[in-house]
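Architecture at a glance
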Amino acid sequence: MAFAVPADLREYLPGEEPGAALCTVCLALRPAADPPADTPDFDRVSDGLPSDAAAAVPLALLVGLLSSLVTNRAEISALLERVERAGTDPLLALDRLAADPAIDADVDLRTRRRQLEQLL
């Protein structure tokens, strides 16, 4: 599922592309050169993703950075704050993603969630 990344969040996306693509099964994230103009329905991927793009986009970027907590610590911390400011509990969202049987994430979301609590 491709989506546009607002300019103020692009620093958290590898590369120079204006968008990202999120795998609806493994939640892998990659840059997208030609994202759609319309914001997709994020909750069609999982109930764990908020339907509000203001929270869903930074949460999707956050999930994409979870493979390396130490390397991406500052970015992850900033994205957690963005998700919270948008009105979504990011740790609860990670719990819901981890519990979704349709999701087979590339990273162990339950373990990463516990590590996030300890790291931050």
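Further remarks concern the packing of helix α3 (residues 90-99) against helix α4 (residues 109-119). Two elements in contact, α3 and α4, have axes separated by 9 Å at closest approach and are oriented at 165°. Classified by the interaxial angle, the pair formed by α3 and α4 is roughly antiparallel. When the axes of α3 and α4 are compared, the crossing they make is left-handed. Along the contact surface, α3 presents Leu91, Leu94, Asp95, Leu97, Ala98 and Ala99, while α4 presents Leu109, Arg110, Arg113, Leu116 and Glu117.

Along the chain, Thr88 turns up in the loop between α2 (73-85) and α3. Exposure remark for Thr88: the relative accessible area of 18% places this residue in the buried category.

Glancing now at α4. Those residues of α4 that fall on the buried side of the exposure criterion are Leu109, Arg113 and Leu116. Down the axis of α4, the buried set is contained in an arc of 60°. They therefore lie on one face. Along its buried surface, α4 packs onto α2 and α3. A distance of 3.2 Å separates the backbone nitrogen of Arg110 from a side-chain oxygen at the start of α4, and that oxygen is part of Asp108.

Across its 13 residues, helix α1 (residues 53-65) extends 18 Å between first and last C-alpha, which sits within 8% of the 18 Å expected from 1.5 Å per residue. Among the residues making up α1, those that are buried are Ala55, Ala56, Val57, Pro58, Leu59, Ala60, Leu61, Leu62, Val63 and Leu65. Residues of α1 that are buried in the fold lie against β1 (2-4), β2 (19-22), β3 (29-32), α2 and α3.

As a further point, take the packing of aromatic side chains. What the rule picks out here adds up to one aromatic pair. Taking 5.1 Å as the distance between ring centres and 65° as the angle between the ring planes, the aromatic pair formed by Phe3 and Phe42 counts as edge-to-face. Pair noted here: Phe3 is in strand β1 and Phe42 is in the loop between β3 and α1, with a separation of 39 residues, a long-range link. Judged on exposure class, the residue Phe3 and its partner Phe42 are both buried.

Quick notes on the rules
Residues numbered from 1 in each chain as written. Predicted model: local features only at pLDDT ≥ 70, side-chain atom pairs only at ≥ 80, totals over all residues. Heavy atoms only, no water. Axes fitted to C-alpha atoms, helices over the stretch in contact; angles between N-to-C directions. Helix = DSSP H or I, 4+ residues; strand = E, 2+ residues; numbered from the N terminus. Parallel < 35°, antiparallel > 145°, perpendicular 65-115°, else oblique. Left-handed = near helix turned anticlockwise from the far one by under 90°. Contact = heavy atoms within 4.5 Å. Buried < 20%, exposed > 50% of the residue type's maximum accessible area, 1.4 Å probe, protein only. Arc of directions from axis to C-beta. Polar contact = N/O pair within 3.5 Å; in protein donor to acceptor, adjacent residues only side chain to side chain. Expected span 1.5 Å × (residues − 1). Phe/Tyr/Trp six-rings, centres within 6.5 Å; stacked < 30°, edge-to-face > 60°.

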